[in-house]
Amino acid sequence: MGENTPTAADSRGSSAAGSTSGPAATSADSGSDSTSTLAGKIDALFQVIRRPTREPYSHEEVARACREATGESFSATYLWQLRTGRRDNPTKRHLEALAQFFDVPVGYFFDDEQGAAITKELELLGALRDAGVRSMALRAVNLSPEDAATISDMIDVLARRERGSPSREL
């Protein structure tokens with residue numbers, strides 16, 4: 001890969017902010033079940049894993065990296081078709097190249113259990129884009145386990161209140 005190839009460390013370290021524009025909904029942002037499809041899984045990778053500059057990768061640059069990795073034909077249009085569900089039967093080598101580019105195990109695409117675990121990690125990365133969430137998480141690092149549990153309980157109460165569910169007192 002080239003210098004612009006992301007790694008999980010890049011996305012965690014870059015604290016990517018904002019979201020891409022366009023109609024594609026992200027399971028990492030919305031928590032929906034769209035990551036149960038190949039298109040949803042690919043879209044989640046594009047939505048969450050960003051350049052160190054926080055900009056999303058283009059279909060062309062991902063396709064180019066996949067072409068270089070496989071030596072096979074892999075166009076930006078084909079990648080867009082995979083991402084939007086218009087095509088859903090890529091070769092194993094294409095999925096391996098995508099996994100390599102986005103620094104996820106290829107099992108993310110094939111193994112439901114591994115895919116679900118990686119989806120959870122992607123949801124966390126998506127949440128950490130929010131500066132307020134990131135700030136709270138960084139400040140919580142130095143708390144004792146007991147104090148961290150107290151903060152977690154407080155967040156649960158507030159989340160239930162926002163959803164309109166009855167909350168228990170602290």
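The numbering scheme is per chain: residues are counted from 1 as the chain's sequence reads. Predicted model: local features are reported for residues with pLDDT of at least 70 only, side-chain atom pairs are reported and counted for 80 or more only, and whole-chain, interface and lining totals are derived from all residues. Calculation of side-chain values draws on the structure's entire complement of heavy atoms; hydrogens and water are dropped beforehand.

**Student:** Which residues make up the overall build of the chain, and what are the values?
**Tutor:** Within the chain, the secondary structure is distributed over 10 helices and 0 strands. Along the chain direction, N to C, the helices and strands of the chain fall in the order α-α-α-α-α-α-α-α-α-α. Think of it in three bands: residues with accessible area under 20% of the maximum for their type are buried, residues over 50% are exposed, and the middle band is partly exposed, with areas taken using a 1.4 Å probe on protein chains only. Taken across its 170 residues, the chain has 34% of its residues classed as buried. Considering only contacts in the chain between residues 6 or more positions apart, those separated by 24 or more positions represent 53%. Under the convention used here, a 1.4 Å probe and the Shrake-Rupley method define accessible areas, while residue burial counts only the protein chains that appear. Accessible area for the chain stands at about 10000 Å²; split by element, carbon and sulfur atoms hold 51% of it. Comment: elements are numbered from the N terminus, with helices defined as DSSP H or I runs of at least four residues and strands as E runs of at least two. Two residues form a contact once any of their heavy atoms are found within 4.5 Å.

**Student:** Could you give me a rundown of a nonpolar patch on the surface, with the residues and numbers involved?
**Tutor:** Every patch collects residues that have over 30% relative accessible area and no salt bridge, joining them within 9 Å if they carry like charges and within 5 Å if they are nonpolar side chains (Val, Leu, Ile, Met, Phe, Trp, Tyr). The rule for a salt bridge is simple: a side-chain nitrogen of Lys or Arg has to be within 4 Å of a carboxyl oxygen of Asp or Glu. Residues Leu 143, Ile 151, Met 154 and Ile 155 make up a contiguous nonpolar surface patch of about 310 Å² in total accessible area. Structurally, Leu 143 is set in the loop between helix 9 (131-140) and helix 10 (145-163).

**Student:** Summarise the pattern of salt bridges; cite the residues concerned and give the values.
**Tutor:** For the coordinates displayed, the defined rule picks out 5 salt bridges. Across the salt bridge formed by Arg 51 and Glu 61, the nearest N and O atoms sit 2.2 Å from each other. With Arg 51 in the loop between helix 3 (38-48) and helix 4 (59-70) and Glu 61 in helix 4, the pair connects residues that are 10 residues apart, well separated along the chain. Residue Arg 51 is classed as partly exposed on the basis of its relative accessible area, which comes to 22%. One salt bridge connects Glu 60 with Arg 67, and the closest N-O pair in it is separated by 3.1 Å.

**Student:** Hey, could you go over the nonpolar core for me, with residue numbers and the actual values?
**Tutor:** Among the buried residues, those of types Ala, Val, Leu, Ile, Met, Phe, Trp, Tyr and Cys that are joined through side-chain atoms within 4.5 Å form a nonpolar core. In this structure, Val 62, Leu 98, Phe 109 and Leu 122 are the most contacted members of the largest nonpolar core, which totals 29 residues. Where this core is concerned, the elements lending two or more residues are helix 3, helix 4, helix 5 (76-84), helix 6 (92-102), helix 7 (107-110) and helix 8 (112-128). Every residue in contact with Leu 98, bar those within four places of it in the chain, is listed here: Ile 42, Val 62, Cys 66, Phe 74, Leu 79 and Phe 109.

**Student:** Let's hear about the confidence of the model for the chain: which residues, and what values?
**Tutor:** The pLDDT value expresses, per residue, how confident the predictor is, ranging between 0 and 100. Mean pLDDT over the chain stands at 78; residues scoring 70 or higher make up 76%. Taken element by element, the chain is modelled with least confidence in helix 2 (residues 27-30), mean pLDDT 37, and with most confidence in helix 5, mean pLDDT 97. Across residues 1-32, where pLDDT falls below 50, the model places 60 contacts with residues more than four positions away in sequence or in other chains.

**Student:** Provide a residue-level description of the environment of Ala 140, including the pertinent values.
**Tutor:** Along the chain, Ala 140 falls in helix 9. In the structure, Ala 140 is positioned 11 residues away from Ile 151 in sequence and 8.5 Å away in space, judged by C-alpha atoms.

**Student:** How would you summarise unusual backbone geometry if you had to cite specific residues and measurements?
**Tutor:** Its identity as a non-glycine residue notwithstanding, Asp 103 has a phi of 60°, on the positive side. You can see Asp 103 is positioned in the loop between helix 6 and helix 7. Under the relative-accessibility criterion, Asp 103 is labelled partly exposed at 39%.

**Student:** If you had to explain the packing of aromatic side chains to someone new, which residues and values would you point to?
**Tutor:** Geometry of aromatic contacts follows a simple scheme: Phe, Tyr and Trp rings, the Trp one being its six-membered ring, pair when their centres are within 6.5 Å, and the pair is stacked under 30 degrees between planes, edge-to-face over 60, tilted otherwise. For the structure on display, the rule yields 5 aromatic pairs. For the ring pair Tyr 57 and Phe 101, a centre distance of 5.0 Å and an interplane angle of 85° mean the geometry is edge-to-face. Of the two residues, Tyr 57 is situated in the loop between helix 3 and helix 4 and Phe 101 in helix 6; the sequence distance between them amounts to 44 residues. Summarising the aromatic geometry, the rings of Phe 101 and Phe 102 are spaced 5.0 Å apart at their centres and angled 85° between planes, so their arrangement reads as edge-to-face. On the accessibility criterion, Phe 101 (3% relative accessible area) is buried. With relative accessibility at 1%, the residue Phe 102 sits in the buried group. Taken together, the aromatic side chains of Phe 46, Tyr 57, Phe 101 and Phe 102 make up a single cluster linked through ring pairs. Taking NZ or CZ as reference, Lys 41 lies 5.8 Å from the ring centre of Tyr 108, over its face. Working rule: Lys NZ or Arg CZ, within 6 Å of ring centre, within 35 degrees of ring normal, means a charge sits over the ring.

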